[in-house]
Amino acid sequence: HRREMGTKNKTTGQPKDEGRTQKEQTEFGCRNNKDLFGAVVLLISALIIGYCYTPPAELIPYDESPSNPERFTILSKTLGDDKAMVVEDREKHQRFLVGHGCFVGGIHLDQDKSTLFTTFALQSVAIFANPKAETMLQIGLGAGSASRELLKWAQKPIKIDAVDTNTNIARYAKIFFDFKENGGKVHIMDGKAFLHSPNTKKYDIIIHDVFAGGVYAGHLYTQEVFQRISEIMNPDSILAVNFLGALGTKSPLAPMVNALDKTLKSVFSDVRVFKDSGEKDAEIENLVYFASKKKIVFQIPEKLKKMHKTEGDTYWVQEHFLENEVVLNDDHASIIKDGHTHHLRRHQTQVEEGVWGNFNLNFNLNFNLKIT
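The text that follows walks through the structure, step by step, so that each part is easy to find. Model, not experiment: these values are computed from the prediction.

With respect to the helices, strands and loops of the structure, arginine 71 is situated in the loop between helix 1 (22-50) and strand 1 (72-78). Residue classification places arginine 71 among the buried positions, given a relative accessible area of 8%. Within the structure, arginine 71 has its side chain in polar contact with the side chain of aspartate 89 (distance 2.7 Å).

Below is the structure:
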């Protein structure tokens, strides 16, 4: 809260400097200068420390109450340009991260903090194609769910660089969802700008997930962008790209699904596509495209095969994802190029309506998540 600074003496109502001797005014001015100097030093120190320390999130009151306040709690909320919110479901012991106009992550609080969303479990199997990975780039951080699930199966420590345009999403991912860079760095900037920055290094695994609320960052799905991504991949590297669409040939969402497949194949030697569930004829579903410069071979850990699982949970998806591989027909599809992403804008309009409907159906939240 902003406090109003008074300029008059509370007792006399006169300006504070009135009535002071020359000596008192001089001493008062010196104290002000010292205070100013001290404030500058503190500011500079805070800026320096800020590069290596993330302050804890403030618990910010939420203006709009949940439809079921006994079940849901707003743990934190930030407004402005970087809107974000953390919601906890006490009944189901779940926590969600909201940002970019939609849910960008969620975890089970009583199940090893595993992800609530099968798409992140599916993205994480990239580690099965490159188990000795040591570096990773995540374009579109969200709650850091994919990297958290992936790290459980890494044979070596993995340094993670992440890119997101929302400062508060990155902050909440660390505080509420246990995201860790492991020596890497979070970059708050546009993904394309990061890819073309001069200091971009090479990565063993790249997760590309820039879907947000039915809106695609179309400029990050082009042939030119994937060509640049291939340049920062090592020979054994694997790329995982998340996309929302539908597989039915009559679906209006099918053309862009096929176009992305053709675009990736124009850059990479091998591309494999998987659904994040075994549901048939779904009107809308997550697809994850895996791309590499060499033949993609997934090696499922023996330890995973022996673990207890429930159909649909993270470990179940990681073990059974090969059953949901799909073959796309991109014979008549177009390659997505810079400056020609208008098809994605039409695609997003049809996707938007399905996203929230499917989410509310699956999670039965009955909760107003509009950030104002």
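Attention now moves to the side chain of arginine 95. Turning to its location among the elements, arginine 95 is positioned in strand 3 (residues 94-99). With a relative accessible area of 15%, arginine 95 lands in the buried category. Engagement of the side chain of arginine 95 in a polar contact is seen with the side chain of glutamate 88, the distance being 2.7 Å. When residues no more than four places from it in sequence are discounted, the contact partners of arginine 95 are Leu75, Val86, Val87, Glu88, Gly105, Gly106, Ile107, Leu109, Leu116, Phe176 and Phe177.

By the definition in use, this model includes 15 salt bridges. The partner of arginine 95 in a salt bridge is glutamate 88, and the shortest N-O contact between them spans 2.7 Å. Residue class for glutamate 88 comes out buried when judged on its relative accessible area of 16%. A salt bridge links aspartate 178 to lysine 113; the nearest nitrogen and oxygen atoms lie 2.8 Å apart. You can see aspartate 178 sitting in the loop between helix 5 (167-177) and strand 7 (186-188) and its partner lysine 113 sitting in the loop between strand 4 (102-108) and helix 2 (118-123), a full 65 residues away along the chain. Judged by relative accessible area, which is 28%, aspartate 178 ranks as partly exposed. For lysine 113, a relative accessible area of 31% puts it in the partly exposed group. Through salt bridges with shared partners, one network takes in Asp261, Lys265 and Asp330.

On to helix 5. Burial analysis of helix 5 places eight of its 11 residues in the buried class, which makes it a mostly covered element. Among all positions of helix 5, only Asn168, Ile169, Ala170, Arg171, Tyr172, Ala173, Phe176 and Phe177 are buried. Two residues or fewer past helix 5, aspartate 178 is found with a positive phi of approximately 60°.

As a further point, take the packing of aromatic side chains. Counted under the stated rule, the structure contains 13 aromatic pairs. Summarising the aromatic geometry, the rings of tryptophan 153 and tyrosine 315 are spaced 6.2 Å apart at their centres and angled 85° between planes, so their arrangement reads as edge-to-face. Linking tryptophan 153 in the loop between helix 4 (145-151) and strand 6 (159-164) with tyrosine 315 in helix 10 (residues 314-320), this pair joins segments that are 162 residues apart in sequence. A residue is classified by how much of its surface remains accessible, and tryptophan 153, at 12% relative accessible area, is buried. Where phenylalanine 274 meets phenylalanine 321, the ring centres are 5.3 Å apart and the plane angle is 65°; that geometry is what we call edge-to-face. Of this pair, phenylalanine 274 sits in strand 12 (residues 270-275) while phenylalanine 321 sits in the loop between helix 10 and strand 14 (325-326); the two residues are 47 residues apart in sequence, bridging distant segments of the chain. In this structure phenylalanine 321 comes out as buried when scored by relative accessible area, which is 1%. Aromatic ring contacts, followed pair by pair, group Phe128, Trp153, Phe274, Phe290, Phe298, Tyr315 and Phe321 into a single cluster.

A few words now on the sheet that holds strand 3. Strand pairing within a sheet occurs via backbone hydrogen bonds; the two strands may be parallel or antiparallel. In spatial order, the strands read 1-2-3-4; together these four strands make up an open sheet with antiparallel pairing. Each edge of the open sheet is held by one strand with a lone partner, namely strand 1 and strand 4. Mean inter-strand twist for the sheet, computed between neighbouring axes without regard to direction, equals 20°. For strand 2 (residues 84-89) and strand 3, the ladder comprises six bridges, and the chain directions are antiparallel. Across the sheet, the residue bridging to methionine 85 is valine 98, located in strand 3.

Bringing the pairing of strand 6 into the picture now. The buried count for strand 6 comes to five of six residues, which makes it a mostly enclosed element. Pairing of strand 5 (residues 135-139) with strand 6, which is carried by five bridges, proceeds in the parallel orientation. If you follow glutamine 138 over to strand 6, its bridge partner there is alanine 162. Handedness of the strand 5-helix 4-strand 6 crossover: right-handed. Of the strand pairs in this sheet, strand 6 and strand 7 are connected by three bridges, and their pairing is parallel. Bridge pairing links alanine 162 to valine 186 in strand 7. Chirality of the crossover, the property in question, places the unit of strand 6, helix 5 and strand 7 among those that are right-handed.

The rules behind these values
Residues numbered from 1 in each chain as written. Predicted model: local features only at pLDDT ≥ 70, side-chain atom pairs only at ≥ 80, totals over all residues. Heavy atoms only, no water. Helix = DSSP H or I, 4+ residues; strand = E, 2+ residues; numbered from the N terminus. Buried < 20%, exposed > 50% of the residue type's maximum accessible area, 1.4 Å probe, protein only. Polar contact = N/O pair within 3.5 Å; in protein donor to acceptor, adjacent residues only side chain to side chain. Contact = heavy atoms within 4.5 Å. Salt bridge = Lys/Arg side-chain N within 4 Å of Asp/Glu carboxyl O. Phe/Tyr/Trp six-rings, centres within 6.5 Å; stacked < 30°, edge-to-face > 60°. Pairing = 2+ DSSP bridges. Axes fitted to C-alpha atoms, helices over the stretch in contact; angles between N-to-C directions. Right-handed = clockwise from strand over helix to strand, strands pointing away.

Remember that the coordinates give geometry; whether it matters functionally is a separate question.
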